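Coordinate analysis (summary)
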Amino acid sequence: MRYVIIGAGAVGGTVGGRLAQAGREVVLVARGRHLAALAERGLKLRVPEGESTYRLPAVDGPDPLGELRADDVLVLAVKTQDTVAALETWGEAPVAGGGTAAEQLPLVCLQNGVESPRLALRRFRHVYGVCVWLPSTFVEPGVVSAPGNPLTGILHLGRYPHGTDDTARHIAADLEAARFEAPVVPDVARWQYAKLLGNLGNALEAVSGPVDSEQAMALYARLRAEGEAVLDAAGIAYASAEEQKEARGDKVTLVPLDGAPRGGGSSWQSLVRGTGTIEADHLNGEIALLGRLHGVPTPLNELLQRLANRFARQHRPAGSLPVAELARLADEAERAADRCAADRKGG
């Protein structure tokens, strides 16, 4: 198999670099300054055992590749807000032997949230979901860092919305050769929803910095409680915290990397890079959507969704809103939601 990594940032770049290190054939897809750096200097991958550079084909879309190969695996690793554009770009790409990528090739959604596989399934016949647990950082063009040891990450993998097959098992075998654990599971969505609950803190970290103070951790607990209430009301199954902890164990321990910048989550990295967009609509916004559909108030997730989008749009520095101020805004949002609920009940 040849792996075409569509979005060679923190997660995509790490997976692509590790696969290349394991002897698999890899193509990186990127844009702008990152693409230029990959083309000129290669992909620099910083991991616990050292720093390596991989000279891999780097393109901005399918056209430079000509016909795609019948053994290609498309790995979608862009942020969810960029998913539709990527699907439009790659879906109609011709495949050797006939047909298009959307008809013939497996598409692996290596992304946070739960929306991208649904979007992909509208266009692609063979969609695979991944629950991504892969600490990694991308803030400098051409450079990605992944501090996990002894494994780089854990990637639960399965057909979307459910099931397993030989393609999933072949992909998992390649990932396991590349220092990942890749359990093939028939219920990948259940793992993705569990990860979604953890990702509700991404916006909190992005706007107010590391979630390590008592006040910040209390805010995250409130965000997660809203998320759990919404998933329960919607009847959506998700792996428990205990099940996740057992699956992860001490397989991915973070170690300091020489020369690597301080890392934050994916949303924090979007603000640091000044991309102008952020994934909050598909993390906190997913909880807000489900809350509205099932009558569960989600004032804190709605607040963090708005703030994260504002920070991205206005290019405000990551972590620049004091946690105390965020806590005040959160209290106000909850009180307003309580008033609205009382008014509806009274009416």
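We now turn to the structure provided with this report. Predicted model, so just to flag it, every value in this text is computed and none were measured. What you see as residue numbers is a count from 1 along each chain, following the sequence as written. The predicted nature of this model means local features are confined to residues of pLDDT at least 70 and side-chain atom pairs, given and counted, to a pLDDT of 80 or more, with totals for whole chains, interfaces and linings taken over all residues. Here the side-chain values reflect all heavy atoms present in the structure, with hydrogen atoms and water set aside.

In terms of helices and strands, the protein chain carries 14 helices and 14 strands. Taking all 347 residues of the protein chain together, the buried fraction comes to 53%. Accessible area of the protein chain: about 14800 Å², with a carbon and sulfur share of 50%. Distance from the positive charge centre (37 side chains) to the negative charge centre (42 side chains) of the protein chain: 3 Å. Strands are runs of DSSP state E lasting at least 2 residues, helices are runs of H or I lasting at least 4, and numbering of each runs from the N terminus. Think of it in three bands: with a 1.4 Å probe and only protein chains considered, a residue is buried below 20% of the maximum accessible area for its type, exposed above 50%, and partly exposed in between. Accessible surface is estimated by sampling points in the Shrake-Rupley manner with a 1.4 Å probe; for residues, cover comes only from the protein chains shown. Only four residue types enter the charge count, namely Lys and Arg as positive and Asp and Glu as negative; His and the chain termini do not. Lys charges are placed at NZ, Arg charges at CZ, Asp charges at CG and Glu charges at CD.

All right, on to the pattern of salt bridges then. Where charged atoms of side chains with opposite charge meet at close range, the side chains can pair. Definition used for salt bridges: Asp or Glu carboxyl oxygen within 4 Å of a side-chain nitrogen of Lys or Arg. Counting across every chain of the model gives 23 salt bridges. As a salt-bridge pair, Arg24 and Asp174 come within 2.9 Å of each other at their nearest N and O atoms. Of this pair, Arg24 sits in the loop between α1 (10-21) and β2 (25-29) while Asp174 sits in helix α6 (residues 166-177), and the two are 150 residues apart along the sequence. Here Arg24 falls in the partly exposed class, since its relative accessible area comes to 27%. What makes Asp174 buried here is its relative accessible area of 11%. A salt bridge links Glu228 to Arg224; the shortest N-O distance between them is 3.0 Å. Of this pair, Glu228 and Arg224 both sit in helix α9 (residues 214-234), four residues apart, which is roughly one turn of that helix. Look at Arg224 and you get buried, because its relative accessible area is 16%.

This brings us to the side chain of Ser270. Relative to the assigned elements, Ser270 resides in helix α11 (residues 266-273). Sequence-distant contacts of Ser270, that is, excluding residues within four places in its chain, are made with Lys79, Thr275, Thr277 and Ile278. Residues are treated as being in contact if the distance between any of their heavy atoms lies within 4.5 Å.

As a further point, take the pairing of strand β1 (residues 2-6). Across the five residues that make up β1, a large majority, five, are buried. Taken together, β1, α1 and β2 form a β-α-β motif whose crossover is right-handed. At least two DSSP bridges between two strands are needed for those strands to be called paired. Here β1 pairs with strand β6 (residues 72-76) via five bridges, running parallel. Counted as the bridge partner of Tyr3 is Val73 from β6. When the strands point away from the viewer and the path from the first strand over the helix to the second turns clockwise, the crossover is right-handed.

Honestly, it's all geometry; don't read function into it.
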